[in-house]
Amino acid sequence: MSEQFKIFLSQLSETNATLDYFTDFKKIKSNVNKISIKLNQLNYLIGKENLKEAVNELYDENPKVFEVLDILIAIRKNKKAKTFNNKGKIVLLDSYFTSPELILEYIEETGLAEVFRNKDVTNLVDYVFGIEVGLDTNARKNRGGDNMSKAVSLIFDKADVFYKKEVNNTIFPEIISLGADVKRFDFVIKTKKKTYLIETNYYNSGGSKLNETARAYSDVAPKINQYPNYEFVWITDGQGWFSAKNKLEEAYNIIPSLYNLITLEDFIKKIQKEEILEF
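Note that the structure is predicted; figures quoted are calculated from it, not measured.

Turning to the overall build of the protein, a few remarks are in order. Counting its secondary structure elements, the protein contains ten helices and eight strands. In terms of C-alpha radius of gyration, the protein reaches 26 Å, well past the compact-globule figure of 19 Å for 279 residues. The principal-axis extents of the C-alpha atoms in the protein amount to approximately 75 × 40 × 40 Å. A fraction of 68% describes how many contacts in the protein between residues 6 or more apart in sequence connect residues 24 or more apart. When the accessible surface of the protein is split by element, carbon and sulfur atoms take 51% of a total near 15400 Å². Computed over 39 positive and 40 negative side-chain charges, the inter-centroid distance for the protein is 4 Å.

Helix-helix packing: each pair is described by the crossing angle between the helix axes and the interaxial distance. Interhelical geometry of helix α3 (residues 51-61) versus helix α4 (residues 100-110) gives an angle of 130° and a closest axis separation of 10 Å. As far as their axial angle goes, α4 and α3 are oblique. In the crossing of α3 with α4, the sense of the turn from one axis to the other is right-handed. In this structure, α3 uses L51, K52, V55, N56 and Y59 to contact α4, whose residues at the interface are P100, I103, L104 and I107. Across the contact of α3 with α4, the residue classes tally to seven nonpolar, one polar and one charged.

Domain annotation of the protein identifies domain 1 (3-19 + 140-277) and domain 2 (20-136). Here the C-alpha centre of domain 2 lies 44 Å away from the C-alpha centre of domain 1. Across the boundary between the two partners, domain 1 contributes nine residues, which contact six residues of domain 2. For the pairing of domain 1 and domain 2, the buried interface totals around 810 Å² over both sides, and the portion due to carbon and sulfur atoms is 42%. Joining domain 1 to domain 2, the criterion identifies one salt bridge. Ionic pairing is found between K150 and D20, a salt bridge with its closest N-O pair at 3.2 Å. On the surface where domain 1 and domain 2 come into contact, there are one residue pair in polar contact (both at pLDDT 80 or more). Residue classes in the side of domain 1 that touches domain 2 are distributed as two nonpolar, four polar and three charged.

How each quantity is defined
Residues numbered from 1 in each chain as written. Predicted model: local features only at pLDDT ≥ 70, side-chain atom pairs only at ≥ 80, totals over all residues. Heavy atoms only, no water. Helix = DSSP H or I, 4+ residues; strand = E, 2+ residues; numbered from the N terminus. Rg over C-alpha atoms; globule rule 2.2 N^0.38 Å. Contact = heavy atoms within 4.5 Å. Areas by Shrake-Rupley, 256 points an atom, 1.4 Å probe, with all protein chains shown as cover. Lys, Arg positive; Asp, Glu negative; His and termini not counted. Charge placed at Lys NZ, Arg CZ, Asp CG, Glu CD. Axes fitted to C-alpha atoms, helices over the stretch in contact; angles between N-to-C directions. Parallel < 35°, antiparallel > 145°, perpendicular 65-115°, else oblique. Left-handed = near helix turned anticlockwise from the far one by under 90°. Nonpolar A, V, L, I, M, F, W, Y, C, P; charged D, E, K, R; others polar. Domains from an automatic or database assignment. Buried area = accessible area lost by both parts, 1.4 Å probe. Salt bridge = Lys/Arg side-chain N within 4 Å of Asp/Glu carboxyl O. Polar contact = N/O pair within 3.5 Å; in protein donor to acceptor, adjacent residues only side chain to side chain.

Right under this line is the structure:
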């Protein structure tokens, strides 16, 4: 491991999380609002000792109200979750929502029946809001990438660097080495000397995705850099890279313009000397 790369690793930040990273309340509120009418109707079951009778009454009134029972055990409908039924067959979870008998079986077997009878929750809208907060943690990895893009934008803005975001490679027809697939670059900056095509990402934790990313950018960079007027730039950060440092080092040796949030200042100084253009 070269000394230069060791320094690069030592500069990787512990987090890029701003306070809005942890929970997307706007999305959560939207998800709950979509099913709030049905949840309010399901509140009828809370406190009922005779749940069989209550389920039948509610089913006669509106059978579709039970379509949201999956979220009560923190399962999203689009996951197409499956389970073993009492006959030992694998069935879709939402197949339980098609008759009063199966609905009652679902409520009893999942443990929801006791929750309803004991009034462990008093309002299913509030309860599902809490479930949505928990499920939203799965989206944090995506927000980490968004936060990186936001951080880079702020640094460019502070340095008065003109850039464009989310630019397709199709506007550079001379770059034929990327093939027919359309690639979207996070940022594009143009100077009197070159056009810089920039990708950004941030990894808080490890995983196979890091190896895939390093491999992909190691492949893309030479294809772009073979054109004298273009250069590929990769801005990445996060201590997740410690779990894939060998792959990152390979990329570091292949991609001349690889920066983290600290060394990004070096890139800015470089392009400022070349005179940044608006386009």
